[in-house]
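# What the coordinates show
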Amino acid sequence: MITLHTRIRNLTPEQDAALSTYAEHFNHVAHHLVTDMVHEKRTGASFKKDYLRRFALTARQFNAICLSVEGLASNRLENLKNQENMLSDKILALQKLLPKIVLQIQKAVMEQQPVAVIQRLKNRLHQKKRKLANLLERQSQVINEQKRPLGSGLCFGGRKLFHAQHHLQENGYQNHAEWLADWKLARSRQFFVLGSNDEAAGCQGCVARIQSDGTFLLDLRLPGTGEKRVTIGPLQFPYEAEKLRNVVALHAQLSKENLPRITNRSKAGKPYSRIVYPEALSALSWRFQRDKDQKGWRVMVSFHQPAAAVQTHVQAGAIGVDLNADHLAWAELDRFGNPMETGNIPCVTYGKTATQAEALIEASAIALTQRAKQTGKPLVLEKLDFSQKKTQLSEVDGPRYARMLSSLSYRKIHDAIAARAAKDGVEVKTVSPKFTSVLGRINYAARYGLTVHQGAAVVIGRRAFGRFAKNPHTGKNFKEFGLREMPIGRTGRDGRKTITAPDGRGAQVTFSYPAWNEQKHVWTLLGKVSRKMKAALAAQRVAGQSDHPERMVKSARRKPEVPVAAAV
């Protein structure tokens, strides 16, 4: 699905009045439909026959109104479910935190710490209990809202503007009449014209015609008993206009008499025929929207775009991408899984506006897909989900961790890469993110002179390769995704096996190779390695902070191959 957008320029007063009348009628019917659906507890489609006569609508116009209402209702219910999940995660995090604060108070009392410290802990416990009570109350309200018809929260015009009538002066209104004028306009700012691939130009309610200069004229059918139409245009779409021309031209070339038909039988046994339309033939659905400042109208058109043929193959290799808070690390691999080239793409969204962040993410997606298209290799991303971690943030995690999670727009980055890759015919694979940083740090960072994040990108790319492995319990071969993932260790002269990993600051840490039952999955070993490595890195940081400044300078000048911390 692709959506194009443009502004209607040189709009005459007659055209503006026609669009305003259409929007008022469309939203007037939508408001009545919501009321009837809530009171009678029926679906929107069940009111179709009555509404066609009552409001002088065509069947397609009613379908557009019903689709808009049901879309708003489903969106409202989905938002309530997300709110319930978010509140549940916050409640769970608080319930885990309260016993820890109680233990801190008990410990402070036993150690006879100052009264001010104990009182501060008690105040914190009190505030956390109040917050927990508020969250439980909000959760109960959200659960009750979901049980009501349509989520009970549809407010045409917006809640913010609705509540502004109670504080007119604070919101810039001289009297209630000014607010009422804005309220009526906000409730009828847009309308939707639904299309179908079996109709003229993909939409009988808004027929698009191509002009000699490449612009478009729209013949919009107005609601009412007569078939009155108003012509809008000429319209010029700044981007992807050629794709719209192709769809409109394809509709103009087809004739129902020349299309093939399929004959079937109904349940009653009566034969009927159905026209078979080409797969490339798409419906055109139009949305007209008035600007908030009432300076004009915008028009959006949505239609299906045929998927581009995939031009990448994993047999040629892969490009692994590691997503981070301030950049994207990528690694290009050959068909054997060996890194050929690596790099970083800056993508700092923290402190940027929504438009600036969107532009940065789009530029990063374009850079990655262009490289994948040139090399003929698919992109491999991690399948991450930070929604639960974001809801469970607390002051224990620290501001740096909270800032990192909040600024990492993983879903937006993933969607931008997927959308751009679909246009360019680039395949996108998603793999598990477990222990990618651990393997990247140990196996590839020091070996190939990469950063830790680039090493993780190598691991992500290697997981796109399929291979066959033997089940240790049954002895049978089964297909497994990803190449071998054993952490590399070294055996010393004393027979002890150790693992050496860079710390990302020019030094290294060394720790003993943990014991592992080979009958279990390799991720059990990687879990033990991860815990030992975290302990070694933490010990090194503590030692670095306690060192004398002169020793720290000398230590920083050491060669990176020399281990500077050890943990058994």
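Preceding this section is the structure that the text describes.
The text that follows walks through the structure, step by step, so that each part is easy to find. Quick caveat, the model's predicted, so the values are computed rather than measured.

Under the criterion given, the structure shown has four cavities of 30 Å³ or more. In this model, the largest cavity occupies a volume close to 70 Å³. Forming the boundary of the largest cavity are Tyr 22, Thr 58, Arg 60, Gln 61, Ala 64, Phe 192, Val 193, Leu 194, Gln 204, Gly 205 and Arg 221. For the lining of the largest cavity, the element with the most residues is helix H3 (residues 59-110), which contributes three residues. Here the lining of the largest cavity is composed, by residue class, of five nonpolar, four polar and two charged.

With that settled, consider the sheet that holds strand S8 (residues 285-290). Read across the sheet, four strands follow the order S1-S9-S8-S2 without closing on themselves; strand pairing throughout is antiparallel. The open sheet has two edge strands with one neighbour each: strand S1 (2-7) and strand S2 (190-193). With strand direction ignored, the average angle separating the axes of adjacent strands in the sheet is 15°. Inspection of the sheet shows S8 paired to strand S9 (residues 297-303) by six bridges, in the antiparallel sense.

Before going further, it helps to examine the packing of helix H12 (residues 436-448) against helix H13 (residues 452-462). Contact pair H12 / H13: the axes reach a minimum separation of 7 Å and the direction vectors enclose 110°. As the angle between them shows, H12 and H13 are arranged roughly perpendicular. Counted together, Thr 436, Ser 437, Leu 439, Gly 440, Arg 441 and Tyr 444 of H12 and Val 452, Gly 455, Ala 456, Val 458, Val 459, Ile 460 and Arg 462 of H13 form the full contact between these two elements. The class makeup of the residues in the contact of H12 with H13 is seven nonpolar, four polar and two charged.

Turning to the side chain of Lys 377, a few remarks are in order. Following the sequence through the fold, Lys 377 ends up in the loop between helix H8 (354-375) and strand S13 (379-382). Here Lys 377 falls in the buried class, since its relative accessible area comes to 5%. Of note is the side chain of Lys 377, whose polar atom sits 2.9 Å from the side chain of Glu 332. Setting aside chain neighbours within four positions, we find Lys 377 in contact with Thr 312, His 313, Ala 316, Gly 317, Ala 318, Ile 319, Glu 332, Leu 333, Asp 334, Met 340, Ala 372 and Val 426.

Its 13 residues give helix H7 (residues 241-253) an end-to-end C-alpha distance of 18 Å, which sits within 8% of 18 Å, the value for a rise of 1.5 Å per residue. The complete set of buried residues in H7 reads Ala 241, Leu 244, Val 247, Val 248 and His 251. Buried residues in H7, looked at end-on, bunch into an arc of 125°, giving them a common side.

Side chains Ile 2, Leu 4 and Thr 6 project from S1 onto a buried face, and the interleaved Thr 3, His 5 and Arg 7 project onto a face without burial. Judged from the six bridges that link them, S1 and S9 form a sheet pairing that is antiparallel. Along S9, the bridge assignment pairs Arg 7 with Arg 298.

The rules we used
Residues numbered from 1 in each chain as written. Predicted model: local features only at pLDDT ≥ 70, side-chain atom pairs only at ≥ 80, totals over all residues. Heavy atoms only, no water. 1 Å grid on protein atoms, 1.4 Å probe; cavity = no way out; pocket = protein on both sides within 12 Å on 5 of 7 lines; lining within 4 Å. Points joined across faces, edges and corners; volume = space filled by probe spheres on them. Helix = DSSP H or I, 4+ residues; strand = E, 2+ residues; numbered from the N terminus. Nonpolar A, V, L, I, M, F, W, Y, C, P; charged D, E, K, R; others polar. Pairing = 2+ DSSP bridges. Axes fitted to C-alpha atoms, helices over the stretch in contact; angles between N-to-C directions. Parallel < 35°, antiparallel > 145°, perpendicular 65-115°, else oblique. Contact = heavy atoms within 4.5 Å. Buried < 20%, exposed > 50% of the residue type's maximum accessible area, 1.4 Å probe, protein only. Polar contact = N/O pair within 3.5 Å; in protein donor to acceptor, adjacent residues only side chain to side chain. Expected span 1.5 Å × (residues − 1). Arc of directions from axis to C-beta.

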